[in-house]
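Observations on the three-dimensional arrangement
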Amino acid sequence: MAEDSETTKVFDAEAAASLMKDLRGSYASGKTRSYEWRVAQLKNMMKIVDDHEQDILDAIRADLCKPDQEAYIAEISIMKSSCMRALGELHRWMKPEKVKTSVTTFPSSAEIVSEPLGVILIIGAWNFPLLLSLDPAIGAIAAGNAVVLKPSELCPATSSLIAKLVGKYLDSSCVRVVEGAVAETSVLLEQKWDKIFFTGSGRVGRIVLAAAAKHLTPVTLELGGKCPVVVDSDINLPVAIKRIAGGKWTSNNGQACIAPDYVITTKDFAPKLIDALKHQLEAWYGKDPLESKDLAHIVNSHHFDRLLKLLDDDKVSGKIIHGGQRDKANLKFAPTILLDVPEDSMIMGEEIFGPLLPIFTNSSSDGPASNEPVKRFVPTVGTLFQTGSLFRRQRTTMVDKLEECFDMIISRGKPLAAYLFTNNKKLKEKFVKTVSAGGLVINDTVLHFAEKTLPFGGVGESGMGSYHGKFSYDNFSHRKSVLYKGFAGDSSARYPPYSDRKLKLLKALLSGSVIGVILALIGWS
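To keep things clear, this report deals only with the structure shown in the data block. (Residues numbered from 1 in each chain as written. Predicted model: local features only at pLDDT ≥ 70, side-chain atom pairs only at ≥ 80, totals over all residues. Heavy atoms only, no water.)

An α-helix turns once every 3.6 residues. As a result, residues three or four positions apart point the same way. Spanning 16 residues, helix α2 (residues 13-28) covers 22 Å between terminal C-alpha atoms, matching the ideal 22 Å at 1.5 Å per step. Buried residues in α2 make contact with β2 (108-116), β3 (119-123), β4 (146-150), β5 (175-177) and α8 (182-189). Note on α2: the residue one or two positions beyond its end, G30, has a positive phi of about 90°. (Helix = DSSP H or I, 4+ residues; strand = E, 2+ residues; numbered from the N terminus. Expected span 1.5 Å × (residues − 1). Contact = heavy atoms within 4.5 Å.)

Next up on the list: the sheet that holds strand β10 (residues 320-322). Strands sit in the order β10-β13-β14-β9-β8-β17-β18 across an open sheet of seven strands; the sheet is mixed. Strands with a single pairing partner mark the edges of an open sheet, and in this sheet they are β10 and β18 (439-442). With direction set aside, neighbouring strand axes in the sheet form an average angle of 25°. The pairing of strand β8 (residues 228-231) with strand β17 (residues 417-421) spans three bridges and is classified as parallel. Bridging from a neighbouring strand, V231 pairs with F421 of β17. (Pairing = 2+ DSSP bridges. Axes fitted to C-alpha atoms, helices over the stretch in contact; angles between N-to-C directions.)

Applying the stated criterion across every chain, the model contains four cavities of 30 Å³ or more. In this model, the largest cavity occupies a volume close to 70 Å³. Forming the walls of the largest cavity are S82, A86, W93, D135, I138, G139, A142, H468, G469, S472 and Y473. Counting only elements with at least two residues in the lining of the largest cavity, the list comes to α5 (68-94), α6 (131-142) and α15 (470-475). (1 Å grid on protein atoms, 1.4 Å probe; cavity = no way out; pocket = protein on both sides within 12 Å on 5 of 7 lines; lining within 4 Å. Points joined across faces, edges and corners; volume = space filled by probe spheres on them.)

Here we have three strands laid out as an open sheet, ordered β1-β2-β22, and antiparallel in their pairing. Two strands close off the open sheet at either side, each with one partner strand: β1 (97-99) and β22 (477-485). Between one strand axis and the next, the sheet turns through 25° on average, direction left out of account. For β1 and β2, the ladder comprises three bridges, and the chain directions are antiparallel. By the bridge assignment for β2, E97 is matched with I112.

As a further point, take the packing of helix α10 (residues 237-249) against helix α11 (residues 270-285). Two quantities define a packed helix pair, namely the angle between the helix axes and the distance between the axes. The N-to-C vectors of α10 and α11 enclose an angle of 60°; their axes lie 10 Å apart at closest approach. Judged by the angle between their axes, α10 and α11 are oblique. The chirality of how α10 crosses α11 is right-handed. Only K272, L273, A276, L277, Q280, L281, W284 and Y285 of α11 make contact with α10, whose side of the interface consists of L237, I241, K242, A245, G246 and W249. A breakdown of the residues in the contact of α10 with α11 according to their chemical character gives 10 nonpolar, two polar and two charged. (Parallel < 35°, antiparallel > 145°, perpendicular 65-115°, else oblique. Left-handed = near helix turned anticlockwise from the far one by under 90°. Nonpolar A, V, L, I, M, F, W, Y, C, P; charged D, E, K, R; others polar.)

The next point concerns the environment of I442. Looking at where I442 falls in the secondary structure, it is placed in strand β18. If near-sequence neighbours (up to four positions away) are discounted, I442 is found in contact with L420, K428, F431 and V432.

Quick look at the environment of L131 now. Mapped onto the fold, L131 is located in helix α6. It is 7.6 Å that separates the C-alpha atoms of L131 and I78, two residues lying 53 residues apart in sequence. L131 has contacts with A74, E75, I78, M79, P136 and F449, leaving out every residue within four places of it along the chain.

Now the structure itself:
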């Protein structure tokens with residue numbers, strides 16, 4: 001009975017304050033700073049996935065109906081890779097970084113020492129419920145911090161399993177899990193943390209940022225945005241189609257922050273692209289995708305209704321050229337392709353985060369030409385820039401030159417990812433130079449997330465801060481500057497009484513001019 005009472009106890013402000021007090025005490029003891037403690041926790045995180053792989057797959061399937069292969073590739077394998085990299089590199093990461101000094105501080109030496117920030121709050125997301133909770137924790141623990149994990153309540157089976165396994169395998173005096181929903185998250189955000197790491201929507205991200213601002217707490221926000229895919233005609237179409245469709249529908253049926261949100265191609269190439277997409281989807285999911293066991297479900301009825309509202313918009317419903325089937329009782333939603341939806345439709349006013357994929361080829365504006373500013377923008381050549389502002393002009397010009405759409409992509413804000421399929425070297429170069437996004441991938445989608453030598457994170461409204469590999473370690477560390485001086489070589493020019501000669505010497509020292517220092521010392525101007 002006592003155990004049942006403990007598990008059902010409400011996590012309120014008093015409980016949050018007590019938790020913080022315990023973790024502050026553990027961190028102050030210094031135990032998390034040692035190399036041995038960090039390695040032990042990372043090895044135990046490896047044991048979590050090694051010893052309970054099937055339990056994890058079962059929990060994710062219970063929450064999202066995500067296929068085991070998809071869950072293993074996108075969650076378990078990436079987490080194991082993060083652990084192995086941290087274990088292999090941690091000793092090197094922890095070493096002070098020696099840096100050069102100038103004549104200004106001569107004689108001296110200097111180094112940069114990475115130190116842990118303190119007590120970290122990590123708020124995970126539901127779409128990859130294991131990875132987006134534990135992968136940031138790998139970096140936080142490797143950096144020597146105490147950690148609180150808040151898994152998503154929208155995936156209760158995975159959240160419960162994380163709480164159970166973290167409690168069993170990791171040091172509970174320094175690493176805790178808090179389950180719950182809005183109320184529990186709110187009381188956690190009232191505490192003063194040394195860093196908050198949040199993955200989720202921009203709406204909730206703003207709430208997290210506002211709460212952190214009260215304590216001047218630094219924040220990493222992993223958000224999202226409308227990730228575009230630009231498709232040229234000079235490509236290996238069968239390979240490109242698999243990579244586009246895979247990035248969209250094998251990434252949790254489109255419920256991923258870096259999943260392709262919309263496609264831009266030329267009017268002439270669009271029929272081939274669409275036909276190839278249709279054939280690929282049928283090859284993967286059959287004629288009735290609602291019967292497929294290889295397609296993840298929508299997370300809950302709320303998100304299902306949100307997608308339904310986007311698709312049932314009068315401006316969009318007639319634009320469906322493939323799919324559109326749904327089964328609300330079982331939260332199943334078929335891969336759906338739409339062609340040239342209007343720029344003011346709801347589907348282009350927000351991140352889709354689901355199995356709907358608009359494809360754009362030409363302007364779809366209706367009504368008379370206008371010079372009124374447009375707040376929401378579909379990437380078509382029907383919109384031009386004038387003196388830094390966006391104006392609508394009715395046009396039916398086809399997308400003949402894909403580079404024309406780069407500025408259009410930028411006008412929608414900076415997405416978390418952007419993708420280009422082409423063999424044209426100049427087009428690649430212009431895409432990289434022109435398009436600002438959290439990350440870019442040429443001739444593939446979403447794969448940059450798995451590369452630990454690259455930082456993963458957003459820019460602008462798609463987020464702030466980055467992680468993965470060494471970037472995770474740095475995210476949860478303070479890079480402390482240390483300058484070492486002896487007692488020799490002290491210059492009297494630093495101190496009163498001041499004189500012209502001292503000023504000349506100081507100018508030479510501060511400019512880093514060795515010759516100037518020598519001339520000042522011997523009295524030459």
